[in-house]
Amino acid sequence: MLSADDRRWPGWAEALLVAAVGVLAVQNAYVGAGATLWGPDTAVAAVGSLSLAVRYRVPLVTVVVTVCAAVVVGALLPLLVMLFYLASRGWRALGCACAVVALAGNWFAQPEQLLWSTRAYGPVLPFALVMVLGLWADSRRRLEASLTAQVEHLRVERELRAKQARLSERARIAAEMHDVLAHRLSLLALHAGALQRRAATLPEPVADRLALLRTTSTEALGDLRDVLGVLRDPDHPELQGQRVPGLRELPALFDEARAAGQEIDAVVEGAAGPLPASHRLAVHRLVQEALTNARKHAPGAPVRVVVRYGPPASSVEVHNRAGDPPSAAGGPPVSSGYGLVGLAERVTALGGRLDYGPSGGGGWNIAADIPVSTVEEHLAPGAA
């Protein structure tokens, strides 16, 4: 889009203006030359009119040509159009100088074709009227530019206010999460530690579950602390380089699931270290969500996990067979219903694809492919 200083008329309007000015200027030169159509006077008037077509690109050339045409043959209309253009662009001094040079030059060069002698309204009125109109157009152009700048300033200010509102809301959410979740997790870790002190008097499975419960609650507190820090100030320099919340090695995740009673056949190929944190976190969340769903909805069923790290892409496949129905003592499985939906959004943001659904025999299958080369193209910094 052209700026206010470079804004032009439409092409058809420019052509119509040049044609109209050319016809009138050539007609005046034709009459002044004694009804001679193919003569130097009409040629000069035509060239002066045609030069208006390039006044936006080379205005100085148009100024010289129109002034010369006014001096030599008294071509007034091309000069008036050029004076309007100069005044509308703020070149008042140049416009006045052109009018003075044209009047003075025509007086000495062509006394019989004076710019003012045959006009009852005098020599100054046409130039003054055109200059006034040009100055009005210049004022209007400057006003539009000022209003455009104000609108842009208001837009930037609105975005800054919206960003500040988001940061304030994040801080409020972080405070609420700290007040609610941190207290309960700390209480859970405290009681689990108290019970773990009497592990010697408890059955071994119960003691193992207590150790797992304390470890999980302690790690959850660390994850919560990291999440709260990101919510409070995601761009703070001290947070750059912090560990990604909840990002652990997959073998540790498998050991934790096996300790909870799951039968897992896991295959991990490739190195995860060189990959971006967002990529590794997506793989980790996929495996974690798949194991959690299998533990909820198919307890006792063996689970096969195959993870292959890229490049060019990382793939995750998790399959579980049909398991036993949940026991009545355990109650129905608790599910938010949005785990896989959120994972699909995460994988899509990384440029990958996630497929999940029932498989033959009452089992469930999850498969995902996440390209490595397009991770930074699809995920903005800090989106993980």
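Only a predicted model underlies this, so the values are computations on that prediction, with no experimental measurement involved.

> Quick question: what am I supposed to make of the overall build of the protein here?
Per the secondary structure count, the protein includes eleven helices and five strands. Element-wise, carbon and sulfur atoms account for 63% of the exposed surface of the protein, whose accessible area totals about 22700 Å².

> How should I be thinking about the packing of aromatic side chains in this particular structure?
For any pair of aromatic rings, the description consists of the separation of the ring centres together with the inter-plane angle of the planes. Taken as a whole and judged by the stated rule, the model has two aromatic pairs. When the centroid spacing of 5.4 Å and the interplanar angle of 85 degrees are considered together, the rings of Tyr56 and Tyr85 count as edge-to-face. Taken together, the residues Tyr56 in the loop between helix 2 (40-50) and helix 3 (59-73) and Tyr85 in helix 4 (residues 76-88) connect sequence positions 29 residues apart. Between Tyr85 and Trp91, the aromatic rings sit 6.2 Å apart at their centres with planes inclined by 80 degrees, giving edge-to-face as the arrangement. The class for Trp91 is partly exposed, based on a relative accessible area of 37%.

> Just checking my understanding: could you explain the sheet that holds strand 3 (residues 313-320) for this structure?
Consider a sheet: its strands pair through backbone hydrogen bonds, and that pairing is either parallel or antiparallel. One open sheet holds the five strands; their spatial order is 1-2-3-5-4, and the pairing between them is mixed. Sheet topology places strand 1 (264-269) and strand 4 (353-358) at the edges, where each strand pairs with a single neighbour. Direction aside, neighbouring strands of the sheet carry axes that sit 5 degrees apart on average. Alignment of strand 1 against strand 2 (residues 303-308), held across six bridges, turns out to be parallel.

> Before we go on, may I ask you to explain the packing of helix 3 against helix 4 in this structure?
Helix packing for two helices is described by the angle between their axes and how far apart those axes are. At their nearest, the axes of helix 3 and helix 4 sit 9 Å apart, and the two run at 145 degrees to each other. Regarding helix 3 and helix 4, the two cross each other, and that crossing is left-handed. Facing Pro59, Thr62, Val63, Thr66, Val67 and Ala70 of helix 3, the residues of helix 4 in contact are Pro78, Leu79, Met82, Tyr85 and Leu86. Residue composition of the contact of helix 3 with helix 4, by class: nine nonpolar, two polar and no charged.

> How do you make sense of the environment of His284 when you look at a structure like this?
Here His284 is to be found in helix 9 (residues 277-297). For His284, a relative accessible area of 1% corresponds to the buried category. Counting along the chain gives 32 residues from His284 to Val316, while the straight-line C-alpha distance between them is 9.6 Å.

> Whenever I open this one, the packing of helix 4 against helix 5 (residues 92-109) confuses me. Can you help?
Where helix 4 meets helix 5, the closest approach of the two axes is 8 Å, and the angle between their N-to-C directions is 160 degrees. With respect to helix 5, the element helix 4 is oriented roughly antiparallel. Only Leu94, Gly95, Cys98, Ala99 and Ala102 of helix 5 make contact with helix 4, whose side of the interface consists of Leu79, Leu83 and Leu86. Grouping the constituent residues of the contact of helix 4 with helix 5 by class yields seven nonpolar, one polar and no charged.

> Just checking my understanding: could you explain the state of the cysteines for this structure?
Here a disulfide denotes a covalent bond joining the sulfur atom of one cysteine to the sulfur atom of another. One pass over the structure, following the stated rule, counts zero disulfides. With no disulfide of its own, Cys96 lies 9.2 Å from the sulfur of Cys98, the closest cysteine sulfur.

> How should I be thinking about the pattern of salt bridges in this particular structure?
Where side chains of opposite charge bring their charged atoms close, a pairing between them can arise. Using the criterion set out here, one finds eleven salt bridges in the structure. One salt bridge connects Arg140 with Glu144, and the closest N-O pair in it is separated by 3.0 Å. One end of the pair, Arg140, and the other, Glu144, are both in helix 6 (residues 124-196), four residues apart, so they sit about a helical turn from each other. Since its relative accessible area comes to 22%, Glu144 is described here as partly exposed. Residue Arg353 pairs with Asp355 through a salt bridge whose shortest N-O separation is 2.0 Å. Residue Arg353 is classed as partly exposed on the basis of its relative accessible area, which comes to 45%. Connected via shared salt-bridge partners are Asp138, Arg141 and Arg142.

> Explain the confidence of the model for the protein to me, please; I cannot follow it from the model alone.
Low pLDDT means the predicted coordinates in that region are not meant to be read closely. Taken residue by residue, the protein gives an average pLDDT of 75. The fraction at 70 or more is 76%. Least confident of the elements in the protein is helix 11 (residues 375-378), whose mean pLDDT is 40; most confident is strand 2, at 92. Per-residue pLDDT stays below 50 along residues 327-337; that stretch engages in seven contacts with residues further than four places along the chain or on separate chains. A low-confidence stretch, residues 374-384 stays under pLDDT 50, and its non-local contacts, those more than four residues away or across chains, total 16 contacts.

> Explain a nonpolar patch on the surface here, please?
On the surface, Val54, Val58 and Val61 cluster together to form a nonpolar patch covering roughly 200 Å² of accessible area. On the secondary structure map, Val58 appears in the loop between helix 2 and helix 3.

> Looking at this structure, how should I read helix 3?
Because an α-helix packs 3.6 residues into every turn, residues spaced three or four apart end up facing the same way. Under the 1.5 Å per step criterion, the end-to-end length of helix 3 is 21 Å for 15 residues, consistent within 8% with the ideal 21 Å. For helix 3, the set of buried residues is Pro59, Thr62, Val63, Thr66, Val67, Ala69, Ala70, Val71 and Val73. Gly74 sits one or two residues past helix 3 and shows a positive phi near 70 degrees.

> What is the right way to read the nonpolar core from this model?
What tends to happen in soluble globular proteins is that the nonpolar side chains get buried as a cluster. Counting residues in each nonpolar core, the largest one holds 29 residues, and the members touching the most others are Leu250, Leu286, Val287, Leu291, Val305 and Val307. By residue number, the principal contributor to this core is helix 9, which donates seven residues. Apart from residues lying up to four places away in sequence, Val287 is in contact with Leu250, Leu253, Phe254, Val305, Val307 and Val316. Counting residues in hydrophobic clusters, the runner-up holds 25 residues, among them Val81, Tyr85, Phe127 and Met131.

What counts, and at which threshold
Residues numbered from 1 in each chain as written. Predicted model: local features only at pLDDT ≥ 70, side-chain atom pairs only at ≥ 80, totals over all residues. Heavy atoms only, no water. Helix = DSSP H or I, 4+ residues; strand = E, 2+ residues; numbered from the N terminus. Areas by Shrake-Rupley, 256 points an atom, 1.4 Å probe, with all protein chains shown as cover. Phe/Tyr/Trp six-rings, centres within 6.5 Å; stacked < 30°, edge-to-face > 60°. Buried < 20%, exposed > 50% of the residue type's maximum accessible area, 1.4 Å probe, protein only. Pairing = 2+ DSSP bridges. Axes fitted to C-alpha atoms, helices over the stretch in contact; angles between N-to-C directions. Left-handed = near helix turned anticlockwise from the far one by under 90°. Contact = heavy atoms within 4.5 Å. Nonpolar A, V, L, I, M, F, W, Y, C, P; charged D, E, K, R; others polar. Parallel < 35°, antiparallel > 145°, perpendicular 65-115°, else oblique. Disulfide = S-S within 2.5 Å. Salt bridge = Lys/Arg side-chain N within 4 Å of Asp/Glu carboxyl O. pLDDT = per-residue confidence, 0-100. Patch = residues over 30% accessible without salt bridge, like charges linked within 9 Å, V, L, I, M, F, W, Y side chains within 5 Å. Expected span 1.5 Å × (residues − 1). Core = buried A, V, L, I, M, F, W, Y, C linked by side-chain atoms within 4.5 Å.

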